[in-house]
Amino acid sequence: MDKNLVIGAGISGAVIANLLATKLDEKVLVIDKKNHIAGNCYDYKDKNNIMIHKYGSHIFHTNSEKVWSFVSQFADFNQYMHKVIAIIDGIETTIPFNFNTLYDVFPQTLAKRLEEKLLNKFEYNKKIPILEFQKQDDEDLKFLANYVYEKVFLHYTTKQWGLSPNDVDGAVTARVPVYLSKDNRYFQDKFQGIPLKGYTSLVQNMLNHPNIEVQLNTDFKDIDGDFNKIFYTGAIDEYFNYELGQLPYRSVNFKLEEYDFEFYQNNSVVNYPCNYDFTRIHEYKYYLNDKSSKTVIAKEYSEFFELGKNERYYPIPKDENNELYLKYKNKAKDLKNVYFLGRLGDYKYYDMDKAILRAMELFEEIAQ
Ligand code: UDP
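The rules behind the values
Residues numbered from 1 in each chain as written. Predicted model: local features only at pLDDT ≥ 70, side-chain atom pairs only at ≥ 80, totals over all residues. Heavy atoms only, no water. Near = heavy atom within 4 Å. Polar contact = N/O pair within 3.5 Å; in protein donor to acceptor, adjacent residues only side chain to side chain. Areas by Shrake-Rupley, 256 points an atom, 1.4 Å probe, with all protein chains shown as cover. Helix = DSSP H or I, 4+ residues; strand = E, 2+ residues; numbered from the N terminus. Phe/Tyr/Trp six-rings, centres within 6.5 Å; stacked < 30°, edge-to-face > 60°. Buried < 20%, exposed > 50% of the residue type's maximum accessible area, 1.4 Å probe, protein only. Pairing = 2+ DSSP bridges. Contact = heavy atoms within 4.5 Å. Axes fitted to C-alpha atoms, helices over the stretch in contact; angles between N-to-C directions. Salt bridge = Lys/Arg side-chain N within 4 Å of Asp/Glu carboxyl O. Left-handed = near helix turned anticlockwise from the far one by under 90°. Nonpolar A, V, L, I, M, F, W, Y, C, P; charged D, E, K, R; others polar.

A.B. asks: Tell me what's going on with the site of the ligand, and back it up with residues and numbers.
C.D. replies: If you check the shell around the ligand, you find 15 residues, and the closest are Trp161, Arg175, Tyr186, Tyr314 and Tyr349. Within the side chain of Arg175, an N or O atom sits 2.8 Å from an oxygen atom of the ligand. Within the side chain of Tyr186, one N or O atom sits 2.5 Å away from an oxygen atom of the ligand. Summarising the interface, the protein chains cover 94% of the accessible area of the ligand, which totals 520 Å² for the free molecule. The element that contributes the greatest number of residues to the shell around the ligand is helix α6 (residues 139-161), accounting for six residues.

Okay, here's the thing in structure tokens:
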């Protein structure tokens, strides 16, 4: 029987392993250098019965029926729809910046004037990336665009990426557009939710198959043996021993704090785009409505990834980094039966659903 090696037991590795095992009836060895499965989706219940997302909040959302029906085999989801609160000049409001935000941060008459001008110029419900929104010729709208740029994007993006919004790929800030709507949700996808037993359980269920063996605390460099196909979800530059140079990544440091009262803030995520060194505060008990007289929060500090010091979280979408990635990708083409996938293997800022779709599509390609 054919045997495959999957490097990385995160969501991409688990999807490809599951498909090889179930659809092709092939054996799969899944290894991970971490001491747990689920990669950066890993979550666990702490002593207070609160589900902690070790690597920061993960909120599942997708418009893809295909992805939704696939993941639904492995978990039941609640109907959590994510909202983000931001503190702007001490005012609690909603992100993405929308018509409700307009009325929260400005006096009524100014907000009304801006709203009318926006509705005259754009269609209701339109999403406009900030870099496009800045191109205004009306003085009031120019004022508004500068306000949003400065108060929502400039400092947050500088904290998060070490770069200004103009120096990071426009697709990054376009994830959180100005939204000409009263919809306060962070995502508008058809399917949204949190797996009731957590992401670790979801990934465990994907890996739970007689054809799949999982070995943790294992580096791929320590694995010998003949494999029919290798699926690599680690960092592509690491695979090639950094011979063309290191690809840059951002890392995140989550400082956990536990409090002896029920709630710390009134939402799962509160962004601090203008204040402090952290970008946002997560309060985990909101996701599954965990009942506890205590609460646990995480303050999120972004930093550069440094080998041996911290973990890779985000590729940094920027032209020169993409060029280096393409050189590695080109080298990867010469390898026979080695496939790269996932945020680190593809050097792409995938959301969970896109990582799943990528793994499903790769499987379809090779299974032909
Ligand atoms: N962003 C921002 N201010 C905010 C929220 C987001 O400037 O209050 C920008 C920032 O550059 C961030 C990007 O939009 O990295 C994408 O935000 P998202 O919440 O999608 O990031 P993730 O949750 O993936 O870290």
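Now that the structure has been shown, we can carry on.
A.B. asks: So what's going on with the packing of aromatic side chains? Residues and values would help.
C.D. replies: Applying the stated criterion across every chain yields a total of 37 aromatic pairs. Ring centres of Phe99 and Tyr124 lie 6.0 Å apart, and the angle between their planes is 5 degrees; this geometry places the pair in the stacked category. Highlighted residues: Phe99 in helix α3 (residues 99-105) and Tyr124 in the loop between α4 (108-121) and β8 (127-128), separated in sequence by 25 residues. Residue classification places Phe99 among the buried positions, given a relative accessible area of 3%.

A.B. asks: So what's going on with the sheet that holds strand β6 (residues 84-88)? Residues and values would help.
C.D. replies: Paired through backbone hydrogen bonds, the strands of a sheet run either parallel or antiparallel to each other. Strand order in the open sheet made by the seven strands is β7-β6-β14-β15-β16-β13-β17, with mixed pairing throughout. The strands lining the two open edges of the sheet, one partner per strand, are β7 (91-95) and β17 (314-315). Pairing analysis gives four bridges linking strand β15 (residues 280-283) to strand β16 (residues 295-304), with the strands arranged antiparallel. Along β16, the bridge assignment pairs Ile281 with Lys299. Its contacts with the sheet put α6 on β6, β7, β13 (249-259), β14 (269-271), β15, β16 and β17, and the angle it makes with β16 is roughly 80 degrees.

A.B. asks: Could you give me a rundown of the pattern of salt bridges, with the residues and numbers involved?
C.D. replies: Under the criterion given, the structure shown has 24 salt bridges. Lys34 serves as the salt-bridge partner of Glu311, at 3.6 Å between the closest nitrogen and oxygen. Pair noted here: Glu311 is in the loop between β16 and β17 and Lys34 is in the loop between β2 (27-31) and β3 (43-45), with a separation of 277 residues, a long-range link. A salt bridge links Arg175 to Asp351; its shortest N-O distance comes to 3.0 Å. With Arg175 in the loop between α7 (170-173) and β9 (178-179) and Asp351 in the loop between α12 (342-345) and α13 (352-367), the pair connects residues that are 176 residues apart, well separated along the chain. Given a relative accessible area of 37%, Arg175 falls into the partly exposed group. Of the residues examined, Asp351 reaches a relative accessible area of 19% and is grouped as buried. One salt-bridge network, in which partners are shared between bridges, spans Arg113, Lys117, Asp138 and Asp140.

A.B. asks: Could you give an account of the environment of Lys151, with specific residues and numbers?
C.D. replies: Here Lys151 shows up in helix α6. Sequence separation of Lys151 and Gly198 is 47 residues, and the distance between their C-alpha atoms is 34 Å. Setting aside chain neighbours within four positions, we find Lys151 in contact with Ile88, Asp89, Pro273 and Cys274. Side chain to side chain, Lys151 and Asp89 meet in a polar contact 3.2 Å long.

A.B. asks: Explain the packing of helix α1 (residues 11-23) against α13 to me, using residue names and the numbers behind them.
C.D. replies: Contact pair α1 / α13: the axes reach a minimum separation of 8 Å and the direction vectors enclose 35 degrees. In terms of crossing hand, the pair formed by α1 and α13 is right-handed. In this structure, α1 contributes Ile11, Ser12, Val15, Ile16, Leu19, Leu20 and Lys23 to the contact, and α13 contributes Ala355, Ile356, Ala359, Met360, Leu362, Phe363 and Ile366. Residues that form the contact of α1 with α13 fall into these classes: twelve nonpolar, one polar and one charged.

A.B. asks: Before we move on, could you go through the environment of Ile37 and cite the residues and values that matter?
C.D. replies: Considering the arrangement of structural elements, one finds Ile37 in the loop between β2 and β3. C-alpha of Ile37 to C-alpha of Tyr199: the two residues are 162 residues apart in sequence and 9.8 Å apart in space. If we skip the residues at most four places from it in the chain, Ile37 touches Ala9, Tyr42, Thr200, Val203, Gln204, Leu207, Val214 and Leu216.

A.B. asks: Can you explain the side chain of Thr173? Please cite residues and give values.
C.D. replies: Relative to the assigned elements, Thr173 resides in helix α7. According to the relative accessible area criterion, Thr173 is buried, its value standing at 4%. Among all residues touching Thr173, those that are not within four sequence positions of it are Ile130, Leu131, Phe153, Thr157 and Pro165.

A.B. asks: Residue-level account of the sheet that holds strand β18 (residues 338-340), with values.
C.D. replies: Here we have five strands laid out as an open sheet, ordered β11-β2-β1-β12-β18, and parallel in their pairing. Unpaired on one side and paired on the other, β11 (212-215) and β18 mark the two borders of the sheet. Going from strand to strand, the sheet's axes swing by 20 degrees on average, the running direction of each strand aside. Pairing geometry for strand β12 (residues 229-232) and β18, over three bridges, is parallel. Looking across to β18, one finds that Ile230 is bridged to Val338.

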